[in-house]
Every structure is written in structure tokens, then in C-alpha cells.
Amino acid sequence: AQSVSQHNHHVILSEAASLELGCNYSYGGTVNLFWYVQYPGQHLQLLLKYFSGDPLVKGIKGFEAEFIKSKFSFNLRKPSVQWSDTAEYFCAVKAGYSSASKIIFGSGTRLSIRP
Amino acid sequence: GAVVSQHPSRVICKSGTSVKIECRSLDFQATTMFWYRQFPKKSLMLMATSNEGSKATYEQGVEKDKFLINHASLTLSTLTVTSAHPEDSSFYICSAHTTEAFFGQGTRLTVV
């Protein structure tokens, strides 16, 4: 079974700082990888996803993530954060391409941006 | 994009009663849906996989007799919390997948 680890529980940054949130997964086969964001009081939104191809994927709101297969990692990055990026960020892994494959979430990273 | 609708968004019930939460895929058919539970300031914990026309598959530690799942059609899965207790108070989220996951808006259950 797959699993996901997010090492940073709470990250505090100032506006315009660069962001990198770590995500490592455990699964031996083909994976789909996701980053979701949950703004306060709102439901989950997809930031970006990786299925195959270019390991550097770009998502919404200036976020990007790089899939490094040898490290089983899928870290999320943003060169310059804004106060509006304050939210909870979840990395998730899905084993294989089937719609019946479950998605497992990491424990989440709370991002707080100081104005 | 695909839409998953969840109802109700909030429900308050008395201890000992049962509550049903609906999850619908609005513009695609979903033979499989998933139910998650999210505790405050915590991640989503997968509770069970709902399979159309067959029994749900529950994750370890989840009581199947307490959390009844029915997936009677290709667009509807229901989660019934039976004999609810205050510790069942939580945020319940469903999802269905195409090539990616689409989530319902969640249901805030409060058991008093």
C-alpha cells in the first residue's frame, strides 16, 4: 500500500519569500502524485498533478512541483509567496491510473504568510 | 471539470440518532467513490472505498457497522453514521475519480 510523508507541519514565511514543501511517498509501482490546497473554511482544491512525462509540473497560482523518482519525492515550490497563500497544503499519492485506485493523503503542511 | 456534490454541508444531530450523507457525481459516472474523514487541523483519513453494486471496502480501524456505505447507482454513494456519538463529530468528505480526484464540499457533522 502507498503512503505519504510531509515533513513540515507548519511553515511560517514572510511575503515574497520562496517556498518549498517536502513530500515523500512510498510505493513501488506507477504513481500519480497531487498537491491539494485547502484555504480556511473551504474545501480541497487541486494545485497540480503529475501522471507521467516532464517531471516538473506547473500548477495554478504560480506553484510548481518536481517529481524525483529516485528520491520518491514530489516537493512543492513557489518562488515568491503571497499572504493569500496562507492555507493547508496536502500532498497525495494514487497508485496507478485506475479510477478505482484510492488516494492517500499526507498529514498536511500549514503555511502561514506574514504580511 | 467534473463535479462532485455532497449534501448536506452541515448537520447537527442528537446522540444516538443516525445521519445520512449523500455524495453525487454530477457529470460523470463513478463506479468507485471514496469517503474520507478530516479531524480539525488534521489530514484526510480514508475511511472506505464505495463500490457500485457491491460491498464497500473499509480501511483498517473503521467500523463498518457504524459507517454504513451504500453505492446503489453510478452517480450516488451514501454514508450513514449510525447511532452517532459526540466523538463522531467531524468533517466528512467524499470523492470520485476520473484521471484525478474530485472532492465534494464536505459535510460538517456535529453530534450533541
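Residues numbered from 1 in each chain as written. Chains lettered and ligands numbered in written order. Predicted model: local features only at pLDDT ≥ 70, side-chain atom pairs only at ≥ 80, totals over all residues. Heavy atoms only, no water.

(A) Region of interest: the nonpolar core. Membership of the largest hydrophobic core comes to 44 residues, with the highest contact counts inside it found for W35(A), Y36(A), Y89(A) and F105(A). Formed by 25 residues, the second largest nonpolar core is a distinct cluster that contains V4(B), C13(B), F28(B) and A30(B). (Core = buried A, V, L, I, M, F, W, Y, C linked by side-chain atoms within 4.5 Å. Buried < 20%, exposed > 50% of the residue type's maximum accessible area, 1.4 Å probe, protein only.)

(B) Spotlight on unusual backbone geometry. In the segment running from H7(B) into P8(B), the intervening peptide bond is cis, with an omega of 0 degrees. By the element assignment, P8(B) lies in the loop between β1 (4–7) and β2 (10–13). If you check the backbone angles, K61(A) has positive phi at about 60 degrees while not being a glycine. Relative to the assigned elements, K61(A) resides in the loop between β7 (56–58) and β8 (64–68). The class for K61(A) is partly exposed, based on a relative accessible area of 44%. Despite not being glycine, S83(B) shows a phi value in the positive range, around 45 degrees. Note on placement: S83(B) falls in the loop between β8 (76–81) and β9 (90–97). Residue S83(B) is classed as partly exposed on the basis of its relative accessible area, which comes to 35%. (Helix = DSSP H or I, 4+ residues; strand = E, 2+ residues; numbered from the N terminus.)

(C) Main features of the side chain of N32(A). Residues and elements named next belong to chain A. Along the polypeptide, N32 turns up in strand β5 (residues 31–38). Under the relative-accessibility criterion, N32 is labelled buried at 1%. Residues contacting N32, with those up to four places away along its chain left out, are Y50, F51, A92, V93, K94, G96 and Y97. (Contact = heavy atoms within 4.5 Å.)

(D) Looking closely at the environment of G29(A). Residue and element names in this part refer to chain A. Along the polypeptide, G29 turns up in the loop between β4 (24–26) and β5. According to the relative accessible area criterion, G29 is partly exposed, its value standing at 40%. C-alpha of G29 to C-alpha of S70: the two residues are 41 residues apart in sequence and 13 Å apart in space.

(E) Focus on the sheet that holds β1(B). All names here are of chain B. One open sheet holds the four strands; their spatial order is β1-β3-β8-β7, and the pairing between them is antiparallel. Whereas interior strands pair on both sides, the edge strands pair on one side only; in this sheet they are β1 and β7 (67–73). Averaged over neighbouring strand pairs, the angle between their axes works out to 15 degrees when direction is ignored. In terms of strand pairing, β1 meets strand β3 (residues 19–25) through four bridges, oriented antiparallel. Residue pairing for β3: V4 is matched across the bridge by S25. (Pairing = 2+ DSSP bridges. Axes fitted to C-alpha atoms, helices over the stretch in contact; angles between N-to-C directions.)

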